[in-house]
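What the coordinates show
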Amino acid sequence: EADIYQTPRYLVIGTGKKITLECSQTMGHDKMYWYQQDPGMELHLIHYSYGVNSTEKGDLSSESTVSRIRTEHFPLTLESARPSHTSQYLCASKASIGAGGGDEQYFGPGTRLTVT
Amino acid sequence: QKEVEQNSGPLSVPEGAIASLNCTYSDRGSQSFFWYRQYSGKSPELIMFIYSNGDKEDGRFTAQLNKASQYVSLLIRDSQPSDSATYLCAVNMFRTGNQFYFGTGTSLTVIP
C-alpha cells in the first residue's frame, strides 16, 4: 500500500484567488496523477507526470498547472479559482512496471475544494 | 461511447448473497484492469487487479477477465453491509499511452 498525502483536505476560497493543492508520496513512485471528481460522477484526469520534469495534460482542461521538481512532490495550482472549480481533487501515484511494483494506482485522501 | 462502461446501478443485495459487478472497455489492447471501492466522500481504494484472462480470487472477492469479449467483472461473495459502496472499474488503456480510464461506478447496497 502506497503512502500518499494531500493537503489541505478541505478548502473554501473566494473567486479569483490563486491556490495550490499539495500532493506527496513516500513510495518513490515515478508516475503521479491528478484527477477531478464531482459527487456521483466519474474521475477525470487533469494532469499526469511520468517522472521529474515531465508533465502532461489529461483529458479535462481545468485551467490548472502542475510541476514535478522532485519525485515525491506533485503540486496542482489554480491561478484564478472559479466556482466551476468546486470539486474533489484526487492525487494518485504508481510505480513503473518492473520497478518492484505492479501497474496499480494508489490514491491520496483527496482535497475537497469549494470556490465561493 | 465511453472508454469504460459499468452496469448501471444502484445494485441491492441481501447480506450473505453474491454481488456481481460488470464492466466493459473499448481498447482491445488494454492489459491491466482494476477494481476500486469508494465510500461516500472518500477516495478510491484498490481492492483487486487482474492482468490475465480467467479468474483471480482474493478472500471474498473474485475478479474475472475475458479479453476477447473486452469484459471484466467483480464478484463479492458473502456480501456484508460494510461492502456497501461505489465500485469503480479502471482500465490502463494501451492506446493512450497507459492512461487510466475509470467507469462511472456502480453503487452497491448490502441490506442486513
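Relevant structure appears above.
Residues numbered from 1 in each chain as written. Chains lettered and ligands numbered in written order. Predicted model: local features only at pLDDT ≥ 70, side-chain atom pairs only at ≥ 80, totals over all residues. Heavy atoms only, no water.

Notes on the overall build of chain A
What counts, and what does not: Each helix is a run of DSSP H or I of at least 4 residues and each strand a run of E of at least 2, with the numbering of both proceeding from the N terminus. We compute the radius of gyration from the C-alpha atoms alone; for a globule the expected value is 2.2 Å times N to the 0.38, where N is the number of residues. To sort residues, take the accessible area from a 1.4 Å probe on protein chains only and compare it with the maximum for the residue type: under 20% means buried, over 50% means exposed, and anything in between is partly exposed.
Summing up its helical and strand segments, chain A has 0 helices and 11 strands in all. Secondary structure of chain A in N-to-C order comes out as β-β-β-β-β-β-β-β-β-β-β. Relative to the 2.2 N^0.38 estimate, which gives 13 Å for 116 residues, the radius of gyration of chain A is 14 Å and therefore close to what a compact globule would have. Seen through its C-alpha atoms, chain A measures out along the principal axes to roughly 45 × 30 × 25 Å. Each of the 116 residues in chain A was classed as buried or not, and the buried ones make up 48%.

Focus on unusual backbone geometry
Looking along the chain, the bond that leaves A:Thr7 and enters A:Pro8 is cis, with omega of -10°. Tracing the backbone through its elements, the reader meets A:Pro8 in the loop between strand S1 (4–7) and strand S2 (10–13). Backbone geometry places B:Gln70, a non-glycine residue, at a positive phi of 55°. Here B:Gln70 is to be found in the loop between strand S7 (61–66) and strand S8 (71–76).

Remarks on the packing of aromatic side chains
Selection rule: Two aromatic rings from Phe, Tyr or Trp, using only the six-membered ring of Trp, form a pair when their centres are within 6.5 Å; if the ring planes differ by under 30 degrees the pair is stacked, by over 60 it is edge-to-face, and anything between is tilted.
Using the criterion set out here, one finds 14 aromatic pairs over all chains in the structure. With a centroid separation of 5.3 Å and an interplanar angle of 50°, the aromatic rings of A:Tyr48 and A:Tyr50 are classed as tilted. Geometrically, the ring pair formed by B:Phe34 and B:Tyr51 is edge-to-face, given 6.3 Å between the ring centres and 75° between the ring planes. Linking B:Phe34 in strand S4 (residues 32–38) with B:Tyr51 in the loop between strand S5 (45–50) and strand S6 (54–58), this pair joins segments that are 17 residues apart in sequence.

A short note on the sheet that holds S8(B)
Residue and element names in this part refer to chain B. Rules: Two strands form a pair only when DSSP identifies at least two bridges running between them. Here, axes are lines fitted to C-alpha atoms. For helices the fit covers the stretch in contact, and angles between N-to-C directions go from 0 to 180 degrees.
Strand order in the open sheet formed by 5 strands is S1-S3-S8-S7-S6, with antiparallel pairing between adjacent strands. With one partner strand each, in any of the chains shown, strand S1 (4–6) and S6 form the two edges of the open sheet. Going from strand to strand, the sheet's axes swing by 20° on average, the running direction of each strand aside. The pairing of S7 with S8 spans 6 bridges and is classified as antiparallel. Looking at S8, one finds that Leu-65 is bridged to Val-72.

Focus: the state of the cysteines
Here is the rule: By convention in this document, the label disulfide applies to cysteine sulfur atom pairs within 2.5 Å.
Overall, the coordinates contain 2 disulfides over all chains when judged by the stated rule. Across a sulfur-sulfur distance of 1.9 Å, A:Cys23 and A:Cys91 are joined as a disulfide pair. Because the sign of the S-S torsion sets the handedness, a value of about -75° for the bond joining A:Cys23 and A:Cys91 places this disulfide among the left-handed ones. Taken together, the residues A:Cys23 in strand S3 (residues 19–25) and A:Cys91 in strand S9 (residues 87–94) connect sequence positions 68 residues apart. Here A:Cys23 and A:Cys91 have matching classes, each one buried. Across a sulfur-sulfur distance of 2.0 Å, B:Cys23 and B:Cys89 are joined as a disulfide pair. Disulfide B:Cys23 to B:Cys89: torsion about the S-S bond roughly -70°, handedness left-handed.

Comments concerning the interface of chain B and chain A
To keep it simple, the criterion reads: Contact definition: two residues touch when any of their heavy atoms are within 4.5 Å. Buried area: the accessible area, evaluated with a 1.4 Å probe, that two parts lose upon being put together, summed over both parts. One side-chain nitrogen of Lys or Arg within 4 Å of one carboxyl oxygen of Asp or Glu is enough to make a salt bridge. Under the rule applied, a polar contact is a pair of N or O atoms within 3.5 Å (in protein, one hydrogen donor and one hydrogen acceptor; residues adjacent in sequence only if both atoms are side-chain atoms).
Counting from both sides, the interface comprises 22 residues of chain B and, opposite them, 21 residues of chain A. When the area that chain B buries against chain A is broken down by residue, the three leading residues are B:Gln99, B:Phe100 and B:Phe102, summing to 31%. The interface formed by chain B and chain A includes 1 salt bridge. Joining chain B to chain A, the criterion identifies 5 residue pairs in polar contact (both at pLDDT 80 or more). Those elements giving two or more residues to the side of chain B that touches chain A turn out to be S4, S5, strand S9 (85–93) and strand S10 (99–102) of chain B.

Considering the sheet that holds strand S7 (residues 64–66) of chain A
Residue and element names in this part refer to chain A. Here 4 strands make up an open sheet; going across it, the order is S1-S3-S8-S7 and the pairing antiparallel. The open sheet has two free edges, formed respectively by S1 and S7, since each of these has just one partner strand. On average, adjacent strands in this sheet sit at an angle of 15° to one another, irrespective of strand direction. Direction of pairing for S7 relative to strand S8 (residues 76–78): antiparallel, over a ladder of 3 bridges. Residue Ser-64 lies in a different strand from S8, and its bridge partner there is Leu-78.

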